[in-house]
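Structural overview
As a plain string of letters, each chain reads:
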Amino acid sequence: QVYKGLDIITNKVSLQEQRLCRHHMISFVDPLVSNYTVVDFRDKAVPLISYIFARDKIPIVVGGTNYYIESLLWKVLINTKEKPSSVPRLESDRKVELEQLDSAELHRRLSQVDPEMAAKLHPHDKRKVARSLQVFEETGIPHSEILHQQQEEEGGGPLGGPLKYPNSCILWLHADQAALDARLEKRVDDMVAAGLLEELRDFHRCYNQKKVAENRQDYQHGIFQSIGFKEFHEYLVSEGNCSPETSALLLEKGIQALKQVTKRYARRQNKWVRNRFLKR
């Protein structure tokens, strides 16, 4: 939701809802920025939280994306090189460079400098392997060692460092799985009714069509990895170049894929909540 565009598919807070209560961290990153990281998110959000506290208000973190929430509530992220504020952040560029390497070579390099982390990560999980290598290159300390240091701090534990805000009140809206699945399916149908297809077409035309034509399209970084956009890839690239019947089939395929991946994501969110809180 930090990216501009795809308001329907990312289920952004409506303008009407925003008028009822002030919201932050919505629609401020250009969709073509591919190196926006959770560290960037944290570094912008934490001062906002301090600002809200300073006005005797209570900041409410709502989500969503558990890794981003985790970055605000716990000491879990690792800062690597400090960049002067006048220079645009390039921290993730090295990670992107590393991701260009073959998976086996990437994992071999990590095994040499941090065998413990290499043993935990799947050799084909290039993003996590590259991040661990980046941490070592830019700090000189194995990623696993830094994680151990965080866990050993007072208030830390197996899942990371201590809470940043010790008086946090954390609410979880729990639903029976069958009821949740039905709601998620309806949510997708409601998105289609609200104009999802036109939103996808506009976004594809503005930001992705040229990438596809030049074979540069990337569904692993930035807003392009959002649940929903890549599921309609076949439909978007073939629209106007195939029969109406084929287009209708590809559209239905995209809708069903969106429903499946949304339900799968909700299960991962619930698993995170159980591991993060209920097992403590």
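Here the structure is a predicted model, which means the values were calculated and not measured.

This part covers the pattern of salt bridges. Pairing of side chains with opposite charge becomes possible as their charged atoms draw close. All told, the structure shown has 16 salt bridges when counted by the stated rule. Asp-190 is paired through a salt bridge with Lys-186; the nearest N and O atoms lie 2.9 Å apart. Residue Asp-190 and its partner Lys-186 are located together in helix α9 (residues 177-193), separated by four residues, close to a single helical turn. Classification of Asp-190 as partly exposed rests on a relative accessible area of 38%. Judged by relative accessible area, which is 51%, Lys-186 ranks as exposed. Close ionic contact of Glu-198 with Arg-201 constitutes a salt bridge, the shortest N to O distance being 3.3 Å. One end of the pair, Glu-198, and the other, Arg-201, are both in helix α10 (residues 196-213), three residues apart, so they sit about a helical turn from each other. A relative accessible area of 41% means that Glu-198 is categorised as partly exposed. Overall, Arg-201 belongs to the partly exposed group, its relative accessible area being 22%. Each of Glu-185, Asp-189, Lys-259 and Lys-263 takes part in salt bridges that share partners, so that together they form one network.

Right, let's talk about the nonpolar core for a bit. One finds Leu-200 and Phe-232 to be the most contacted residues of the largest nonpolar core, which totals 28 residues. Mapped by element, the contributors of at least two residues to this core are α2 (38-54), α9, α10, α11 (233-238) and α12 (244-278). Here the element with the most residues in this core is α12; it accounts for five residues. Leave out the neighbours within four places in its chain, and Leu-200 touches Leu-6, Ile-9, Gly-228, Phe-229, Phe-232 and Leu-236.

Rules used in this analysis
- Residues numbered from 1 in each chain as written.
- Predicted model: local features only at pLDDT ≥ 70, side-chain atom pairs only at ≥ 80, totals over all residues.
- Heavy atoms only, no water.
- Salt bridge = Lys/Arg side-chain N within 4 Å of Asp/Glu carboxyl O.
- Helix = DSSP H or I, 4+ residues; strand = E, 2+ residues; numbered from the N terminus.
- Buried < 20%, exposed > 50% of the residue type's maximum accessible area, 1.4 Å probe, protein only.
- Core = buried A, V, L, I, M, F, W, Y, C linked by side-chain atoms within 4.5 Å.
- Contact = heavy atoms within 4.5 Å.

These figures come from the coordinates and say nothing about function on their own.
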